[in-house]
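# What the coordinates show
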Amino acid sequence: MQGEDHPDTLNTRSQLAYWRGQAGDAAGAAAAYEQLLTDQVRVQGEDHPDTLNTRSQLAYWRGQAGDAAGAAAAYEQLLPDQVRVQGEDHPHTLTTRRQLAYWREKARETPRA
């Protein structure tokens, strides 16, 4: 038995959250990622690549659920951590920059986008 803190269990929860969102339940996906994030921080730490990915997914699904300002704020908080851990030119960091601009625009923060 692997247990709830096993990496495979955490990965399965991430996949379930993703497919929940893909099935049309963006709010449910965001809630699932939020719960997962708490456990990943506890088990894997804040700088683990899976934890950073979960933060990105949480921001995305918040936006898809209608909270553009919340998505922009989450990406804004994520970006410095990605730069510190992964570097400025890492593909995930660049994606976060793009998503931050996109969600700022959606939140009517056009000058900041």
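This section reports on the structure supplied with the text.

Thresholds, definitions, all that
- Residues numbered from 1 in each chain as written.
- Predicted model: local features only at pLDDT ≥ 70, side-chain atom pairs only at ≥ 80, totals over all residues.
- Heavy atoms only, no water.
- Helix = DSSP H or I, 4+ residues; strand = E, 2+ residues; numbered from the N terminus.
- Buried < 20%, exposed > 50% of the residue type's maximum accessible area, 1.4 Å probe, protein only.
- Polar contact = N/O pair within 3.5 Å; in protein donor to acceptor, adjacent residues only side chain to side chain.
- Contact = heavy atoms within 4.5 Å.
- Salt bridge = Lys/Arg side-chain N within 4 Å of Asp/Glu carboxyl O.
- Expected span 1.5 Å × (residues − 1).
- Arc of directions from axis to C-beta.

### Remarks on the side chain of Thr54
- Checked against the element boundaries, Thr54 lands in helix H3 (residues 49-64).
- Residue Thr54 is classed as buried on the basis of its relative accessible area, which comes to 0%.
- At 2.5 Å, the side chain of Thr54 and the side chain of Gln40 are in polar contact.
- Those residues within four positions of Thr54 in sequence are excluded, and the remaining contacts are Tyr33, Leu36, Leu37 and Gln40.

### Concerning the pattern of salt bridges
- Here the structure, examined in full by the defined rule, presents 9 salt bridges.
- For Glu34, the salt bridge goes to Arg62, with nearest N and O atoms at 3.8 Å. Here the residue Glu34 occupies a position in helix H2 (residues 26-44), and Arg62 occupies one in helix H3, the gap between them amounting to 28 residues.
- Classification of Glu34 as partly exposed rests on a relative accessible area of 42%.
- Across the pair Arg84 and Asp81 runs a salt bridge whose closest N-O atoms are separated by 3.3 Å. Of this pair, Arg84 and Asp81 both sit in helix H4 (residues 68-86), 3 residues apart, roughly one helical turn.
- You can call Asp81 partly exposed: its relative accessible area is 21%.
- Residues participating in the shared-partner salt-bridge network are Asp5, Arg13, Asp39 and Arg42.

### A few points about the side chain of Thr51
- Counting through the fold element by element, Thr51 comes out in helix H3.
- Within the local environment of Thr51, its side chain forms a polar contact with the backbone oxygen of Gly45, the two atoms lying 2.9 Å apart.
- Dropping the residues within four chain positions of it, Thr51 is found in contact with Leu37, Gln40, Val41, Gln44, Gly45 and Glu46.

### Overview of the environment of His90
- As for its position among the elements, His90 is in the loop between H4 and helix H5 (91-106).
- Separated by 28 residues in sequence, His90 and Arg62 place their C-alpha atoms 23 Å apart.
- A polar contact of 3.0 Å, which involves the side chain of His90, links it to the backbone nitrogen of His92.

### Focus on H5
- When the terminal C-alpha atoms of H5 are compared, their 23 Å separation across 16 residues agrees well with the 22 Å that a helix rising 1.5 Å per residue should span.
- Listed in full, the buried residues belonging to H5 are Thr93, Thr96, Gln99, Leu100, Trp103 and Arg104. For H5, the angular spread of the buried residues around the axis is 130°, confining them to a single face. Seen from the buried face of H5, the exposed residues on the opposite side, beyond 90 degrees, are Pro91 and Arg98.
- The inward-facing, buried residues of H5 abut H3 and H4.

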